[in-house]
Amino acid sequence: MMPPDYKKHCSKTLLLDMLSNLPENVIDDILTCLPLRDAVRTSILSKQWRRNWCRLPVLTLDQALWETTNNSIPLAIRFKDIIYDLLTLHVGPITKFTLSSIANLGNYPKIDNLVSFLSRNGIQHLSLQFPKDNPYKLPSSFFTCSQMRHLRLQNCSIQPPSAFRGFDELVSLELYDITFSSELLNILISRCPLLEKLVLQISSILNHIQIDAPKLRSFDFSGGINDISLMKAPLLVKLSLFNTAVPSGEAGQLDLANYFASFPASSISTWITLVSSSWLQHQATYQQSFPLLFIVLNIFA
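Here the residue numbers are simple positions, counted from 1 along each chain's written sequence. Thresholds applied to this predicted model are a pLDDT of at least 70 for local features of residues and 80 or more for the giving and counting of side-chain atom pairs; totals over whole chains, interfaces and linings are not thresholded and use all residues. For the side-chain quantities, the full set of heavy atoms in the structure was used; hydrogens and water were omitted.

Observations concerning the overall build of the chain
For step 1, the next point in the chain: Helix and strand counts for the chain stand at 9 helices and 12 strands.
For step 2, the next point in the chain: Buried, partly exposed and exposed residues are distinguished by accessible area as a fraction of the type maximum, computed with a 1.4 Å probe on protein chains only: under 20%, between the cut-offs, and over 50%, respectively. Counting all 301 residues of the chain, 43% fall into the buried class.
For step 3, the next point in the chain: Contacts between residues were defined by any pair of non-hydrogen atoms, one from each residue, lying within 4.5 Å. Of the contacts made within the chain by residues no fewer than 6 positions apart, 49% connect residues no fewer than 24 positions apart.
For step 4, the next point in the chain: Every accessible area reported is derived by Shrake-Rupley at a probe size of 1.4 Å, with residue values counting cover from the shown protein chains alone. Counting every atom, the chain has about 16,000 Å² of accessible surface; 54% of that belongs to carbon and sulfur. Every helix listed is a DSSP run of H or I at least four residues long, and every strand listed is a run of E at least two residues long, numbered separately from the N terminus.

Below, the structure written as structure tokens:
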């Protein structure tokens, strides 16, 4: 009969061997499902697992991560240490990266280096969220992310360099409280030829936006705007406009009639959400001219 100690030893050895011999793709799937801190802690399982987390293609630095680090150490120092480990130890592509909930970091140490690192390692899905009282100015390396397909930015300042030629692969763009001029926004959108989804939520008032996006299908706008042109978005099927610049009932609201007039009536089958009581008077006119158009008006007191 096998001694109990020997059974325990065999069981432990078998478990370690099973972990060590898992295929790399299975290990990657396991680590991707874990929070980053837990993924790094799998390094203690065996020698073979020591560097497995270093090839993770999906990384998330959010509030859950900061809450599990040593609170006795200032957040800025913890953040520097984490970024340093990523820059020095990570190998292979990073296809998806999320950074959020990083208040009290001062001048955002090392983030420029991080963005440059991502731009050289195949980033396709990037989400950067910063506090409202301390926006982040995107470095020039950000505009070299040629493989990016999905981009979400919050409280950032965008100033494309003169050499910027656009994001040729981008299909989804979400901008929240971003600092830019109307001209820069128009340039950014026009240089994303495959763009299908656009979300703009801004607190400032823009003068004129011209949406030049031949593949665009969904556009959600919330903020202040004096004029908007959508004539160069022929595939648009979902439009949501919440204009905070024009008080209810005053003249000067967006001239949507000009927008609809740019399309053949037979081709319009669009869901429009117009959030402003000043547009109510035009509802009958739009529906009479374009019978396939369904307009939903949300009237706020």
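Quick notes on the pairing of strand E2 (residues 96–99)
For step 1, the next point in the chain: When DSSP finds two or more bridges between two strands, those strands count as paired. The pairing of strand E1 (residues 58–61) with E2 spans 4 bridges and is parallel. Paired with Leu 61 across the strands is Leu 99, a residue of E2.
For step 2, the next point in the chain: Here E2 pairs with strand E3 (residues 125–129) via 4 bridges, running parallel. Its bridge partner lying in E3, Lys 96 is registered against His 125.

Here's the deal with the layout of surface pockets
For step 1, the next point in the chain: Of the voids in this model, the second largest pocket is the one considered here, and its volume is about 230 Å³.
For step 2, the next point in the chain: If you go around the second largest pocket, you meet 16 residues; those closest to its centre are Leu 34, Pro 35, Leu 36, Arg 37 and Thr 60.
For step 3, the next point in the chain: For the lining of the second largest pocket, the secondary structure elements donating two or more residues are helix H2 (24–32), helix H3 (36–41), E1 and helix H4 (63–67).
For step 4, the next point in the chain: Ranked by residue count, the leading element in the lining of the second largest pocket is H3, at 4 residues.
For step 5, the next point in the chain: Broken down by class, the residue content of the lining of the second largest pocket amounts to 10 nonpolar, 3 polar and 3 charged. Space inside and on the surface of the protein is sampled on a 1 Å grid over the protein atoms alone, with a cavity defined as a set of points where a 1.4 Å probe fits but cannot get out and a pocket as an open set with protein on both sides within 12 Å along at least 5 of 7 lines; lining residues have an atom within 4 Å of a point. Grid points are joined across faces, edges and corners, and a volume is the space filled by probe spheres set on the points. Any residue outside Ala, Val, Leu, Ile, Met, Phe, Trp, Tyr, Cys, Pro, Asp, Glu, Lys and Arg is labelled polar, Gly included; the first ten of those are nonpolar and the last four are charged.

Brief notes about the packing of aromatic side chains
For step 1, the next point in the chain: Between the rings of Phe, Tyr and Trp (Trp by its six-membered ring), a pair exists once the centres lie within 6.5 Å; its type follows the angle of the planes, with under 30 degrees stacked, over 60 edge-to-face, and the other angles tilted. Tallied over the full model, the rule gives 6 aromatic pairs.
For step 2, the next point in the chain: Judged by centre distance (5.6 Å) and plane angle (75°), the rings of Phe 142 and Phe 167 are edge-to-face. With Phe 142 in the loop between strand E4 (136–137) and strand E5 (150–154) and Phe 167 in the loop between strand E6 (156–157) and strand E7 (172–176), the pair connects residues that are 25 residues apart, well separated along the chain. Grouping residues by exposure puts Phe 142 and Phe 167 together as buried.

Some words on helix H5 (residues 75–89)
For step 1, the next point in the chain: A helix's residues, less one, multiplied by 1.5 Å, set its expected span. Taking 1.5 Å as the rise per residue, H5 with 15 residues should run 21 Å; its terminal C-alpha atoms sit 21 Å apart, in good agreement.
For step 2, the next point in the chain: Inspection of H5 places Leu 75, Arg 78, Phe 79, Ile 82, Ile 83 and Leu 86 among the buried residues, and these make up the whole buried set. Down the axis, H5 shows its buried residues gathered within 130° of arc, on one side only.
For step 3, the next point in the chain: Next to the buried residues of H5 lie E1, H4, E2 and helix H6 (111–119). In this context, the arc is that of the directions from the helix axis out to the C-beta atoms.

What about helix H7 (residues 182–190)?
For step 1, the next point in the chain: Regarding H7, the residues found buried are Ser 182, Leu 185, Asn 186, Leu 188 and Ile 189. Seen end-on, H7 carries its buried residues on one side only, within an arc spanning 165°.
For step 2, the next point in the chain: Looking at the buried residues of H7, the elements they touch are E7 and strand E8 (197–212).

Observations regarding a nonpolar patch on the surface
For step 1, the next point in the chain: Only residues whose relative accessible area exceeds 30% and that form no salt bridge are eligible for patches; like-charged ones are grouped when within 9 Å, while nonpolar side chains (Val, Leu, Ile, Met, Phe, Trp, Tyr) are grouped when within 5 Å. For salt bridges, the criterion is a side-chain nitrogen of Lys or Arg within 4 Å of an Asp or Glu carboxyl oxygen. A cluster of nonpolar residues, Val 26, Ile 30 and Leu 34, forms a patch on the protein surface that exposes about 190 Å² of accessible area.
For step 2, the next point in the chain: You can see Val 26 is positioned in helix H2.

A word on the confidence of the model for the chain
Interpreting fine coordinate detail is not advised for predicted regions of low pLDDT.
For step 1, the next point in the chain: Each residue gets a pLDDT score, which is the predictor's confidence in that residue and runs from 0 to 100. Averaged over every residue, the pLDDT of the chain is 76; residues scoring 70 or more account for 72%.
For step 2, the next point in the chain: Note on residues 264–269: pLDDT under 50 across the span, and 11 contacts to partners over four residues away in sequence or across chains.

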